[in-house]
Amino acid sequence: MSVMPVATKCMRRFPLAIIALSLSALTASAATLDGIIERGTVRIGYIDDEAPFSAAKAGAEPTGYAIDLCNKIADDIEHQVPELKREYVQKTLANGFDAVKDGQLDLLCGAITVNLERREIVDFSQPIFLTGASALLRKDSPDYLQSFFFDKPAVSAVSQRAASASVIGARANSTTGAALHEAMKGQASTTTIADFKTHEEGLKALEDRKIDAYIGDQVLLTSLATRAKDPSLLEVGNRLFTHEPYAIALPRNDADFRLLADRALTDFYLSDDFLSVLDTYFGADAPMLHTQIIMQHVP
């Protein structure tokens, strides 16, 4: 009887061990709904400081367009869990996706852009919104920035710093901020980038003239401008420079849970209530947004 060399045995066991671990991970991540039923609680993560998509005041539950959509998904889960509880967990762009990956959250809601890098660790629902990056500027920000972000001639007539010495702000860990840093690599310009933990910090820096422009998704900047000390001194650029599709982040490798989420969203999109929700958060843009989202929805 021949004896199999020890090394050969190890080599054969190694791929089997990898397969076993992979199947174990797949089984764990595919049990999202089972975990919710067992706990009787759906854990809804949200990114604060992203009005009108997600925001919260101290001691209050979060509100916003994305929160409303996550709650529609929870309503659908409630059909299977009649006394379902909803646990809201505040997260950041820096740790929210890992919380979904590690099984700490069932849904992550906010102004969350879908990209390939994020899809390596989480899955996403069907789209809930579409926007792009632009900039929030003071009306006396440098002329070259106004010409760059607005589809009109610059109107500022005040003394300004040289373009090469400008400072542009962005939110840390955002896709917009990452795109700005990437675009500046290898550039000869002395323009610098300042990262901020929150949009509110970026707004204050712009008002205090510490930066000349604040980059972000246009829809977020429009809301941010309304919270300025004097909104009449600010303008949001009308040119878009990136493609930012928003969705709800979900656990990977759980097609059934994603299907549940997409069905809940489609049912709501096609309901009579959807337009009024859009009107609540986006005002006069609601009819256009309604048409845009209906054209993108999963039928």
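Presented here is an overview of the structure given in this document. (Residues numbered from 1 in each chain as written. Predicted model: local features only at pLDDT ≥ 70, side-chain atom pairs only at ≥ 80, totals over all residues. Heavy atoms only, no water.)

For the pair helix 3 (residues 65-78) and helix 9 (residues 255-269), the least separation of the axes is 9 Å and the interaxial angle reads 115°. As judged from the angle between their axes, helix 3 and helix 9 are roughly perpendicular. The crossing of helix 3 and helix 9 is right-handed. From helix 3, Tyr65, Leu69, Lys72, Ile73, Asp76 and Ile77 reach across to helix 9, where they touch Phe257, Leu260, Ala261, Ala264, Leu265, Phe268 and Tyr269. Among the residues making up the contact of helix 3 with helix 9, the classes are represented as 11 nonpolar, no polar and two charged. (Axes fitted to C-alpha atoms, helices over the stretch in contact; angles between N-to-C directions. Helix = DSSP H or I, 4+ residues; strand = E, 2+ residues; numbered from the N terminus. Parallel < 35°, antiparallel > 145°, perpendicular 65-115°, else oblique. Left-handed = near helix turned anticlockwise from the far one by under 90°. Contact = heavy atoms within 4.5 Å. Nonpolar A, V, L, I, M, F, W, Y, C, P; charged D, E, K, R; others polar.)

Ranked by size, the top nonpolar core spans 40 residues in total, and within it Phe53, Tyr65, Ile77, Leu107 and Ile128 carry the most contacts. Examining the composition of this core, we find that eight residues originate from one element, helix 3, more than from any other. Apart from residues lying up to four places away in sequence, tyrosine 65 is in contact with Pro52, Phe53, Ile128, Phe129, Tyr269, Phe274, Val277, Leu278, Tyr281, Phe282 and Ile293. (Core = buried A, V, L, I, M, F, W, Y, C linked by side-chain atoms within 4.5 Å. Buried < 20%, exposed > 50% of the residue type's maximum accessible area, 1.4 Å probe, protein only.)

Turning our eyes to something else, we now look at the environment of leucine 234. Structurally, the position occupied by leucine 234 is in strand 10 (residues 234-236). The class for leucine 234 is buried, based on a relative accessible area of 10%. A sequence separation of 97 residues divides leucine 234 from leucine 137, and the C-alpha atoms of the two residues are 5.6 Å apart. If sequence neighbours within four positions are ignored, leucine 234 has contacts with Leu136, Leu137, Arg138, Lys139, Leu203, Leu206 and Ala228.

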